4 protein chains.
Amino acid sequence: MGITLEQAQTAIQAAHQKALDMGVKMNIAVVDAGANLTAFVRMDDAWLGSVDIAIRKAKTARFFDMPTGDLGKASQPGGSLYNIEHSNGGLITFPGGLPIKDSTGRIVGAIGVSGSTVEDDYAVAQAGVEAISGL
Amino acid sequence: MGITLEQAQTAIQAAHQKALDMGVKMNIAVVDAGANLTAFVRMDDAWLGSVDIAIRKAKTARFFDMPTGDLGKASQPGGSLYNIEHSNGGLITFPGGLPIKDSTGRIVGAIGVSGSTVEDDYAVAQAGVEAISGL
Amino acid sequence: MGITLEQAQTAIQAAHQKALDMGVKMNIAVVDAGANLTAFVRMDDAWLGSVDIAIRKAKTARFFDMPTGDLGKASQPGGSLYNIEHSNGGLITFPGGLPIKDSTGRIVGAIGVSGSTVEDDYAVAQAGVEAISGL
Amino acid sequence: MGITLEQAQTAIQAAHQKALDMGVKMNIAVVDAGANLTAFVRMDDAWLGSVDIAIRKAKTARFFDMPTGDLGKASQPGGSLYNIEHSNGGLITFPGGLPIKDSTGRIVGAIGVSGSTVEDDYAVAQAGVEAISGL
């Protein structure tokens, strides 16, 4: 459904390489169009708590077809989606989760990265997306 | 208990039509007086993460017999019901969930809508309520 | 993804009619190819506990692309899949859940029915499948 | 802790190749010495319900430092570990989960495979273990 394992592995490999280049230790997850886990890697000594966060970021990005950070902007106190994180067994709404589109613009899956600052997480996720962009 | 399946389906059909008119893709749930799911539809390509949110909005509206947005006003930091979302396995307290009343004013169920802005969600839920109002 | 809402509603309507003909009160759920809920109805006075069972039967049938009863035969004490029900947040492995295929034989979703004997549940699910078989 | 990502990926690659050779579609998970997910792949069109089962098999094998099938023999009705599956948020105790040892015999992680018969699952898991045996 949507992304293939080969595409998911290409995205993860590119994200992994980006993390190595940046000197950060990441958990990297890819889900398919149905928000089901397709591939995952945890780099040596990456935060254990980030296993779950990387997977939830990928799922959250596919659940709402947008970058997780966009959702987080609206879920702050006083925001229109305050505490949306209580749905779906727990969402993660800070940056590091991104939808993955095919060449027609259709969303075929999502990637989630966790293990460093949210800026780093986002940059590594972005590298994964770019590696298979438009496939 | 309370709302019948026929009434629930009438509400969902009206909400569905309203969503089509507005050009939005919604998840629409109706629960009965016992806050148990009675009917549900997900429009094609509506957000997957909104399945759970639509159902939780309907339940939340019946749990406390008020629009979900009203509850959200009191659950903000410093508010009297701060973080009430942690109860009942997870509440959703932004707009889009509304109680449904019979002709005597008794609450017989609730509707929850999720898939667009909270303003759109509310408008679609309202269309569902109006379709069976006072039945 | 896979089944459309229109197809899901056709399946549910046929299953609902079958239940009326049989004089039984059912919960009927349809999930898509990603095992996400697409449509649901609970007939008036149908068992409340069967809301969850109908949904789990539909998900289980798609999780393993087979009738739920087939899985149940292998999950008995001494069987090769003993206690598989502990996975995926809880499976239901007795009859009443069936995969739905398109005209090419590809599985596009599943239906789950609960509210009577497993024989009745199966018959009602089967009526739903047949209504959209090969679409 | 224990197994490295490189070793985990070697094990998964070997298991993946074995599955291709056998013509089966598998979910393959590796956990480290702390029973935390290290790497995972789902082959295209592998059962969605086996994502969770593959991960639970790997965790179960490390939780008790034995093949999952061995635990399952003792968890049958009347057995000494009857219904142990209720612990740890849900165990899977049929074959397909195996501990992974280093060259000193110390357990450094585990592999879990799900997607076909338990005999196939076991054979694919065994191929993964052998690929890094004694590293």
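Remember, it's a predicted structure, so these values are computed and weren't measured experimentally.

Caption draft 1: Spotlight on the relation of the copies chain D and chain C. Superposing chain D onto chain C takes a rotation of 91° combined with a translation of 0.2 Å along the rotation axis, leaving an RMSD of 0.1 Å. These values place the two chain copies in the arrangement generated by a four-fold rotation axis. Residue P77 of chain D of chain D places its C-alpha closer to the rotation axis than any other residue of that unit, at 4.7 Å. Little of the interface of chain D is mirrored in chain C: 20% of its interface residues are interface residues there too.

Caption draft 2: Highlighting the relation of the copies chain B and chain A. Aligned on chain A, chain B shows an RMSD of 0.1 Å; the corresponding rotation is 91° and the shift along the axis is 0.2 Å. Here only 20% of the contact residues of chain B are again contact residues in chain A; the copies associate through non-equivalent surfaces.

Caption draft 3: Quick look at the interface of chain D and chain C. Of the residues lining the interface, 20 residues belong to chain D; the matching set on chain C comes to 18 residues. Of the roughly 1,400 Å² buried between chain D and chain C, counting both surfaces, carbon and sulfur atoms make up 62%. Across the chain D-chain C interface, the total number found is zero salt bridges. Here chain D is connected to chain C by ten residue pairs in polar contact (both at pLDDT 80 or more). Of all the elements, helix 2 (residues 50-63) of chain D adds the most residues to the side of chain D that touches chain C, at four residues.

Caption draft 4: View of the side chain of H16 of chain D. Residue position: H16 of chain D is located in helix 1 (residues 5-22). For H16 of chain D, a relative accessible area of 17% gives the class buried. For H16 of chain D, the contacting residues outside a window of four places in its chain are L5 of chain A together with I28 and M43 of chain D.

Caption draft 5: Representation of the packing of helix 1 (residues 5-22) of chain A against helix 4 (residues 118-131) of chain A. Residue and element names in this part refer to chain A. Between helix 1 and helix 4, the shortest axis-to-axis distance is 7 Å and the interhelical angle comes to 140°. When the axes of helix 1 and helix 4 are compared, the pair comes out oblique. Considering how the two elements wind past one another, helix 1 and helix 4 form a crossing that is right-handed. Contacts between helix 1 and helix 4 involve T10, A11, A14, A15, K18, A19 and M22 on the former and, on the latter, D120, A123, V124, A127, G128 and A131. Per-class residue counts for the contact of helix 1 with helix 4 are nine nonpolar, two polar and two charged.

Caption draft 6: A look at the packing of aromatic side chains. Applying the stated rule across the entire model yields six aromatic pairs over all chains. Plain terms: the ring middles of F64 of chain A and W47 of chain B are 5.7 Å apart, the flat faces sit at 75° to each other, and that makes the pair edge-to-face. Pair noted here: F64 of chain A is in the loop between helix 2 (49-63) and helix 3 (68-74) and W47 of chain B is in the loop between strand 2 (37-42) and helix 2 (50-63), and the two residues belong to different chains. Linked through ring pairs, F63 and F64 of chain A together with W47 of chain B together constitute an aromatic cluster.

Caption draft 7: Inspection of the pairing of strand 3 (residues 97-101) of chain B at higher detail. Residue and element names in this part refer to chain B. The element strand 3 is extensively covered by neighbouring structure, given that four of its five residues are classed as buried. For strand 3 and strand 4 (residues 107-114), the ladder comprises five bridges, and the chain directions are antiparallel. From the neighbouring strand, P99 faces strand 4, where its bridge partner is A110. Taking the residues that link successive antiparallel strands as the turn, the strand 3-strand 4 hairpin has five residues, and the phi of G105 there is positive, at about 90°.

Caption draft 8: Inspection of the sheet that holds strand 3 of chain B at higher detail. Ordered by their spatial adjacency, eight strands build an open sheet running 3(B)-4(B)-1(B)-2(B)-2(C)-1(C)-4(C)-3(C), and the pairing between neighbours is antiparallel. Each of the sheet's edge strands pairs with one partner strand only, and the pair in question is strand 3 of chain B together with strand 3 (97-101) of chain C. Ignoring which end each strand starts from, the neighbouring axes of this sheet average 20° apart. Sheet topology note: the strand 1 (residues 27-32) of chain B/strand 2 of chain B ladder contains five bridges and is antiparallel. Each bridged residue has a counterpart across the sheet, and for V30 of chain B the counterpart in strand 2 of chain B is A39 of chain B. Its contacts with the sheet put helix 1 (residues 5-22) of chain C on strand 2 of chain B together with strand 1 (27-32), strand 2 (37-42) and strand 4 (107-114) of chain C, and the angle it makes with strand 2 of chain C is roughly 25°. On the sheet, helix 4 (residues 118-131) of chain C packs against strand 3 and strand 4 of chain C and is oriented at approximately 145° with respect to strand 4 of chain C.

Caption draft 9: Highlighting helix 4 of chain A. In a regular helix each residue adds 1.5 Å, so 14 residues correspond to 20 Å; helix 4 of chain A covers 20 Å between its end C-alpha atoms and thus fits that length. Every buried residue belonging to helix 4 of chain A is among D121, V124, A125, A127, G128 and V129 of chain A, and all of these are buried.

Caption draft 10: Here's a closer look at the interface of chain B and chain A. Taken together, the 20 residues of chain B in the interface contact 18 residues of chain A. Interface of chain B and chain A: buried area, both sides summed, is about 1,400 Å²; carbon and sulfur atoms make up 62% of it. The largest per-residue losses of area from chain B upon contact with chain A belong to W47, L48 and F94 of chain B, which jointly make up 34% of the total buried on that side. Applying the counting criterion to the chain B and chain A interface returns zero salt bridges. At the surface where chain B touches chain A, the tally comes to ten residue pairs in polar contact (both at pLDDT 80 or more). With four residues, helix 2 of chain B is the largest single contributor of residues to the side of chain B that touches chain A.

Basis of the calculations
Residues numbered from 1 in each chain as written. Chains lettered and ligands numbered in written order. Predicted model: local features only at pLDDT ≥ 70, side-chain atom pairs only at ≥ 80, totals over all residues. Heavy atoms only, no water. Least-squares fit on C-alpha atoms with pLDDT ≥ 70 in both. Contact = heavy atoms within 4.5 Å. Buried area = accessible area lost by both parts, 1.4 Å probe. Salt bridge = Lys/Arg side-chain N within 4 Å of Asp/Glu carboxyl O. Polar contact = N/O pair within 3.5 Å; in protein donor to acceptor, adjacent residues only side chain to side chain. Helix = DSSP H or I, 4+ residues; strand = E, 2+ residues; numbered from the N terminus. Buried < 20%, exposed > 50% of the residue type's maximum accessible area, 1.4 Å probe, protein only. Axes fitted to C-alpha atoms, helices over the stretch in contact; angles between N-to-C directions. Parallel < 35°, antiparallel > 145°, perpendicular 65-115°, else oblique. Left-handed = near helix turned anticlockwise from the far one by under 90°. Nonpolar A, V, L, I, M, F, W, Y, C, P; charged D, E, K, R; others polar. Phe/Tyr/Trp six-rings, centres within 6.5 Å; stacked < 30°, edge-to-face > 60°. Pairing = 2+ DSSP bridges. Expected span 1.5 Å × (residues − 1).

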